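# Understanding the architecture of this molecule
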Amino acid sequence: MEKETWSPEETFALGKKLGEEAAPGEIFCLDGDLGVGKTVFTQGFAAGLGVTEPVNSPTFTILQIYEEGRLPLYHFDVYRIGDPEEMDEIGYEEYFFGDGVCLIEWASLIGELIPEGARRVLIEKDENKGFDYRRITLK
Ligand code: ADP
Ligand code: MG
């Protein structure tokens, strides 16, 4: 599925809809350049699960856990990961194969760890279509 958004609010709304529909054990891999909207999407997704606390990129922690929604949300940002072994150190399998939902920003950096059946969300800009335009491809 492909969706075009023209504002952060629209990307948030798409994330929110997917958060409302999310099922236990789902993994969403978010890819796209820095500043493209992966965190905005995640914020919407969290809202869709019923999370009310603020959601930001867990820049220094790799993983942020939100428990207050309909399902636990495990928000990874692996941008700064040096070695996939760091994922072992945080015990990622417990989250990937648990009953919550995982959202992984920069998932392609740990491609070898991503289980089959994970969902892909690719966000891209198109300079020709304006500053706030994003093409979001969901697989
Ligand atoms: P990432 O997590 O991918 O690095 P962020 O979500 O932190 O990116 O930041 C995206 C930035 O782009 C925000 O400042 C947001 O306001 C802006 N933006 C502009 N248009 C859009 C859009 N259509 N969708 C998402 N974000 C957008
Ligand atoms: Mg981010």
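Residues numbered from 1 in each chain as written. Chains lettered and ligands numbered in written order. Predicted model: local features only at pLDDT ≥ 70, side-chain atom pairs only at ≥ 80, totals over all residues. Heavy atoms only, no water.

## Quick look at the pairing of strand β2 (residues 27-31)
- Most of β2 sits out of view: five of its five residues are buried.
- As defined by bridge partners, β2 adjoins strand β6 (residues 119-124) across four bridges and the pair is classed as parallel. What sits directly across from Phe 28, in β6, is Arg 119. (Buried < 20%, exposed > 50% of the residue type's maximum accessible area, 1.4 Å probe, protein only. Helix = DSSP H or I, 4+ residues; strand = E, 2+ residues; numbered from the N terminus. Pairing = 2+ DSSP bridges.)

## Quick notes on unusual backbone geometry
- Backbone geometry at Ile 62 places phi at a positive 65°, although glycine is not the residue there.
- With respect to the helices, strands and loops of the structure, Ile 62 is situated in the loop between α2 (38-49) and β3 (63-66).
- Judged by relative accessible area, Ile 62 falls into the buried class, the value being 13%.
- Its identity is not glycine, yet Trp 106 carries a phi of approximately 65°, on the positive side.

## Thoughts on the layout of surface pockets
- Quantified by volume, the largest pocket comes out at close to 300 Å³.
- Contributing to the lining of the largest pocket are 19 residues, with Gly 35, Val 36, Gly 37, Lys 38 and Thr 39 lying nearest its centre.
- Examining the composition of the lining of the largest pocket, we find that three residues originate from one element, α2, more than from any other. (1 Å grid on protein atoms, 1.4 Å probe; cavity = no way out; pocket = protein on both sides within 12 Å on 5 of 7 lines; lining within 4 Å. Points joined across faces, edges and corners; volume = space filled by probe spheres on them.)

## Some thoughts on the side chain of Asp 31
- By the element assignment, Asp 31 lies in strand β2.
- Arg 120 is the oppositely charged side chain nearest to the buried, salt-bridge-free Asp 31, at an N-O distance of 5.2 Å. (Lys, Arg positive; Asp, Glu negative; His and termini not counted. Salt bridge = Lys/Arg side-chain N within 4 Å of Asp/Glu carboxyl O.)

## What to know about the nonpolar core
- Ranked by size, the top nonpolar core spans 21 residues in total, and within it Phe 41, Phe 45, Leu 73, Val 101, Leu 103 and Val 121 carry the most contacts.
- Mapped onto this core, the elements with two or more residues apiece are α1 (8-21), β2, α2, β5 (101-105), β6 and β7 (134-138).
- At four residues, α2 tops the list of elements feeding residues into this core.
- Each residue touching Val 101, except ones within four places of it in the same chain, is listed here: Ala 22, Ala 23, Glu 26, Phe 28, Phe 45, Leu 71, Pro 72, Leu 73 and Tyr 74.
- Membership of the second largest hydrophobic core comes to 20 residues, among which are Cys 29, Ile 62, Leu 63 and Ile 104. (Core = buried A, V, L, I, M, F, W, Y, C linked by side-chain atoms within 4.5 Å. Contact = heavy atoms within 4.5 Å.)

The values reported here are purely geometric and, on their own, carry no functional implication.
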